[in-house]
Amino acid sequence: GMSSQQKRKPDGLQSDAITKPKKRKRKYAQQNAERTVYKEIVKENPAFEKYYKAQELVPVAEWDQFMETLRQSLPATFRITGTTNSDAHCLRQCLQEKFFTELHKIEVDGERVPMPQPIPWYPDSLAWHVSLSKKFIRKSPLAKRFHNFLVKENEQGNISRQETVSMIPPLLLDVHPHHMVLDMCAAPGSKTAQLIEFLHSADTPVNPIPSGVVIANDADAKRCYMLVHQAKRLNSPCFMVTNHDAAVYPQLYYHKECGNRVALLYDRILCDVPCSGDGTLRKNPMIWHSWSSNLSTGLHKLWVKVVNGLRSAVLRVQTYLDLSWSPCFLHQQMRLRPWDWISV
């Protein structure tokens with residue numbers, strides 16, 4: 001027989017045998033990338049237009065403007081985390097002085113970056129919208145550096161990327177540090193994070209922990225992990241996640257310092273129920289293709305169950321309650337007012 005030394009191929013052949021599969025894989029990957037052509041989504045759906053025209057969703061004179069707005073992409077929006085006011089204001093100043101003024105000077109293919117603007121109704125100018133397309137990020141080093149800065153600060157919990165409309169319900173609830181807050185359908189958790197921030201709005205070195213609590217619930221166990229991921233960036237001890245069906249949410253209890261077991265009563269309830277999402281066409285353009293009137297009507301039974309669960313939760317409130325009901329759809333049948341169904 002041949003010795004092992006005789007069987008062994010020359011070094012050159014050995015290296016070719018190793019590198020050829022790698023080159024082949026790289027070649028196939030390149031070919032696949034060239035073949036993959038993403039078609040631009042056609043933002044048209046005749047059934048959608050016919051259906052909502054019949055419902056008289058907007059005045060006839062405003063219909064064309066309404067549809068044109070739906071076809072426009074949403075600007076990027078974010079909040080500066082307001083857990084510690086001094087830190088939030090320092091970060092806002094850094095953004096304004098270090099990035100915003102310079103961003104406006106960027107010009108790519110004869111187009112300038114629009115000046116970042118604060119959302120006017122959000123307190124202390126801690127929420128901003130920025131129109132920064134991928135073209136600018138790809139071609140401008142400063143735009144890319146700003147984008148990377150936002151990603152890093154988001155991971156650290158100093159800012160939260162969140163749609164403008166999503167910021168409104170927690171803001172309207174006017175949460176204070178002593179409030180017991182229930183978020184019934186909380187995942188993925190951007191509103192929950194906002195509620196936690198408001199809970200800590202009056203933190204001081206002497207009293208760093210508020211007496212209130214935010215309880216975030218979701219029926220999906222996997223989505224509950226998303227809640228934990230969102231909240232852990234804020235390092236708040238005043239937060240709890242529950243995994244339960246909102247339609248039959250149970251009574252919770254806690255022990256006072258004296259040892260007595262008492263029922264937990266709520267000051268604020270936020271309910272962002274599952275819905276068709278056809279109000280999010282600007283964010284989710286695939287809905288233009290998938291939309292049908294059955295998307296909303298199919299969820300009606302679920303909504304009735306959630307409202308019944310909400311009725312049960314409202315019976316477990318303090319003497320006064322603020323309730324925020326915040327779905328994202330256009331369907332008339334689903335635009336019910338749950339407080340008309342609830343009598344306490």
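Residues numbered from 1 in each chain as written. Predicted model: local features only at pLDDT ≥ 70, side-chain atom pairs only at ≥ 80, totals over all residues. Heavy atoms only, no water.

1. Regarding the packing of aromatic side chains
Convention followed: For this analysis, a ring pair means two rings from Phe, Tyr or Trp (six-membered ring only for Trp) whose centres lie within 6.5 Å, classed as stacked if their planes differ by under 30 degrees, edge-to-face if by over 60, and tilted for the remaining angles. By definition, any uninterrupted DSSP run of H or I lasting at least four residues is a helix, any uninterrupted run of E lasting at least two residues is a strand, and each is numbered from the N terminus. Under the scheme applied here, a residue whose accessible area is under 20% of the maximum for its type counts as buried, over 50% as exposed, and between as partly exposed, the area being computed with a 1.4 Å probe on protein chains only. Two conditions define a charge sitting above a ring: the NZ of Lys or the CZ of Arg must be within 6 Å of the ring centre, and it must be within 35 degrees of the ring normal.
Taken as a whole, this structure holds 12 aromatic pairs when the rule is applied. Aromatic pair F100 and F146: ring centres 6.0 Å apart, planes at 75°, arrangement edge-to-face. Pair noted here: F100 is in helix α5 (residues 85-103) and F146 is in helix α7 (residues 141-156), with a separation of 46 residues, a long-range link. The two residues F100 and F146 agree in class, both being buried. One aromatic cluster is present, built from ring pairs that chain together F48, Y51, Y52, W288 and W291. Lying across the ring of Y253, R261 places its NZ or CZ 3.9 Å from the centre.

2. Focus: the packing of helix α3 (residues 46-54) against helix α4 (residues 63-70)
Any two packed helices are characterised by the angle at which their axes cross and by the distance between the axes. Applied cut-off: Axis geometry follows a simple rule: fit a line to the C-alpha atoms, using only the stretch in contact for helices, then measure angles between N-to-C directions, giving values from 0 to 180 degrees. For classification, angles of less than 35 degrees are called roughly parallel, those exceeding 145 degrees roughly antiparallel, those between 65 and 115 degrees roughly perpendicular, and all remaining angles oblique. Left-handed describes a crossing whose near helix is turned anticlockwise from the far helix through less than a right angle; right-handed describes the clockwise counterpart. Residues are treated as being in contact if the distance between any of their heavy atoms lies within 4.5 Å. Gly is placed with the polar residues, together with every amino acid not listed as nonpolar (Ala, Val, Leu, Ile, Met, Phe, Trp, Tyr, Cys and Pro) or charged (Asp, Glu, Lys and Arg).
In the contact formed by α3 and α4, the axes pass within 12 Å of each other and the chain directions differ by 135°. With respect to their mutual orientation, α3 and α4 come out oblique. With respect to the hand of their crossing, α3 and α4 are arranged in right-handed fashion. For the pair α3 and α4, the contacting residues are F48, E49, Y52 and K53 in the first and W63, M67 and L70 in the second. Split by residue class, the contact of α3 with α4 holds 5 nonpolar, no polar and 2 charged.

3. Focus on the side chain of Q194
You can see Q194 is positioned in helix α9 (residues 190-199). Its relative accessible area of 0% is what places Q194 among the buried residues. Once you skip the residues sitting within four places of it in the chain, Q194 turns out to touch R79, Y122, Q162, S166, M167, P170 and L171.

4. Points about the sheet that holds strand β4 (residues 117-118)
Heads up, the rule is: Strand pairing is assigned whenever DSSP detects at least two bridges linking the two strands.
Read from one edge to the other, the open sheet built from 4 strands follows the order β4-β5-β1-β6, with strand pairing classed as antiparallel. Looking at the sheet topology across the chains shown, the edges are occupied by β4 and β6 (159-161). Looking at chain direction, strand β1 (residues 76-80) and β6 are connected through 3 bridges and run antiparallel. For R79, the partnering residue across the bridge sits in β6 and is S160. Against the sheet, α7 makes contact with β1, β5 (127-130) and β6, and its axis sits at roughly 105° relative to β6, the strand it touches most.

5. A word on the nonpolar core
To keep things clear, this is the line we draw: Here, nonpolar core means buried Ala, Val, Leu, Ile, Met, Phe, Trp, Tyr and Cys residues that are tied together by side-chain atoms lying within 4.5 Å of each other.
Judged by nonpolar contacts, the single largest core of 45 residues is most densely connected at F78, I80, L95, F100, I106, L132 and F146. Elements with a minimum of two residues in this core: β1, α5, β5, α6 (134-139), α7, α9, β8 (213-217) and α10 (221-232). When residues in this core are grouped by element, the largest group, 6 residues, is from α5. With residues near it in sequence (within four places) discarded, I80 still touches A88, L91, R92, L95, L126, W128, N158, I159 and E197. Ranked by size, the runner-up nonpolar core spans 17 residues in total, among them M184, C185, Y249 and I269.

6. Description of the pairing of β8
Filter applied, for reference: Crossovers are described as right-handed under a simple rule: with the strands pointing away from the observer, the path leading from the first strand over the helix to the second runs clockwise.
Counting buried positions along β8 gives 4 out of 5 residues, so the element sits mostly inside the fold. When strand β7 (residues 180-183) meets β8, the two strands line up parallel, connected through 4 bridges. The partner of D183 across the bridge, within β8, is A216. Tracing the backbone out of β7, into α9 and back to the parallel element β8 gives a crossover that is right-handed. Direction of pairing for β8 relative to strand β9 (residues 239-242): parallel, over a ladder of 4 bridges. Within β9, the residue paired with N217 across the bridge is T242. A crossover links β8 with its parallel partner β9, the connecting element being α10, and its sense is right-handed.

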